[in-house]
Every structure is written in C-alpha cells, then in structure tokens.
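Chain and residue survey
Residues per chain, in single letters:
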Amino acid sequence: MLQHLSSNPELMQALGGSMLIPLMFFVMSSEVDEPCLCAALSTLVNISSHFPDEQTFRAQKLLHRLQQLSAYPAARELVAAIATNLASEPTQHNALANHGLLGLVYPPSASSGG
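Residues numbered from 1 in each chain as written. Predicted model: local features only at pLDDT ≥ 70, side-chain atom pairs only at ≥ 80, totals over all residues. Heavy atoms only, no water.

1. Some details on the nonpolar core
The cut-off we apply is this: Among buried residues, the Ala, Val, Leu, Ile, Met, Phe, Trp, Tyr and Cys ones that are joined through side-chain atoms within 4.5 Å form a nonpolar core. Categorising residues by exposure relies on relative accessible area from a 1.4 Å probe, with only protein chains included: less than 20% of the type maximum marks a residue as buried, more than 50% marks it as exposed, and the intermediate range marks it as partly exposed. Think of it this way: any DSSP run of H or I at least four residues long counts as a helix, any run of E at least two long counts as a strand, and we number them from the N terminus.
Ranked by internal contacts, the top residues of the largest apolar core, which has 33 residues, are Met28, Leu41, Leu44, Ile47, Leu66, Leu96 and Leu101. Contributing elements (two or more residues each) for this core: α3 (21-28), α4 (34-50), α5 (60-69), α6 (73-87), α7 (93-98) and α8 (102-105).

See below:
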C-alpha cells in the first residue's frame, strides 16, 4: 500500500519522505519474503524520486543494506533505480560512492577487445 501511496506527488509532499524511509529500512532488514522486500524497495524508489536530497538517504546503515541487497537479482534493479534517483542530487554522490552504489548508476564501460 505504501508503494502506491508514495507514487502520488501531492501525498508525498504532505507526508514527507523522511518518516517513511526508516520504516522501509526496518522492512528491508527483517526476515520478509521477496514480494515484501521488493515492495519496500519500490517505495524507496518512489520516495527517492520525490526527495533525492533527503538527508535520511545518507544514513550509513541504509546505504549498507542497499549495497547488500544489490547482490540479489530480484533487488538489484530496484536498488539501481534508488541510486539513480539519489545521484540526481550532487550532494548524495559521496555517500553513494562510499557504498559502491554509484557504480549501479554509472557502470564501468566495457573495454573493447584489442
């Protein structure tokens, strides 16, 4: 449900993103099934598109958990979408780079064989 509510810009302005981010972190850190995990990540995709400069997205524990989840195929695309949204805000670049998430946004170019 929060995934759908967070896609509404007017509602997100009223709610603010910062109070939902810790809740989604809690879900992502709990023993939940894949659909629930993906719903939490999708909610963060929506929030990060509305509030890419949100200070809460710089939390070390959150970024570390996103880095861990990026190793799972079901979560990788969603984590990359969050990182892409956050990378639109230059002040987020250092935090993303420190956790290896900037590479999801700007992957290294494939070298051409010689």
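2. Section: the packing of α3 against α4
Put simply, the rule is: Axis lines are fitted through C-alpha atoms, for helices just across the contact stretch, and the angle between N-to-C directions can take any value from 0 to 180 degrees. Any angle that falls under 35 degrees is termed roughly parallel, while one over 145 is termed roughly antiparallel, one within 65 to 115 roughly perpendicular, and all others oblique. It is the rotation of the near helix from the far one that decides the hand of a crossing: anticlockwise by less than a right angle makes it left-handed, clockwise makes it right-handed. Here a residue-residue contact requires only that any non-hydrogen atoms of the pair lie within 4.5 Å. As a working rule, the residues Ala, Val, Leu, Ile, Met, Phe, Trp, Tyr, Cys and Pro are called nonpolar, Asp, Glu, Lys and Arg charged, and the rest polar, with Gly in that last group.
In the contact formed by α3 and α4, the axes pass within 9 Å of each other and the chain directions differ by 155 degrees. On the basis of their axis angle, the class for α3 and α4 is roughly antiparallel. For the element pair α3 and α4, the recorded crossing hand is left-handed. Between α3, through Ile21, Met24, Val27 and Met28, and α4, the contact on the second element is made entirely by Cys36, Leu37, Ala40, Leu41, Thr43, Leu44 and Ile47. Residue classes in the contact of α3 with α4 are distributed as ten nonpolar, one polar and no charged.

3. Observations regarding the packing of α3 against α5
Between α3 and α5, the shortest axis-to-axis distance is 11 Å and the interhelical angle comes to 45 degrees. With respect to α5, the element α3 is oriented oblique. Note that α3 runs across α5; the crossing there is left-handed. Listed contacts from α5 to Ile21, Phe25 and Met28 of α3 are Lys61, Leu62, Arg65, Leu66 and Leu69. Of the residues assigned to the contact of α3 with α5, the class counts are six nonpolar, no polar and two charged.

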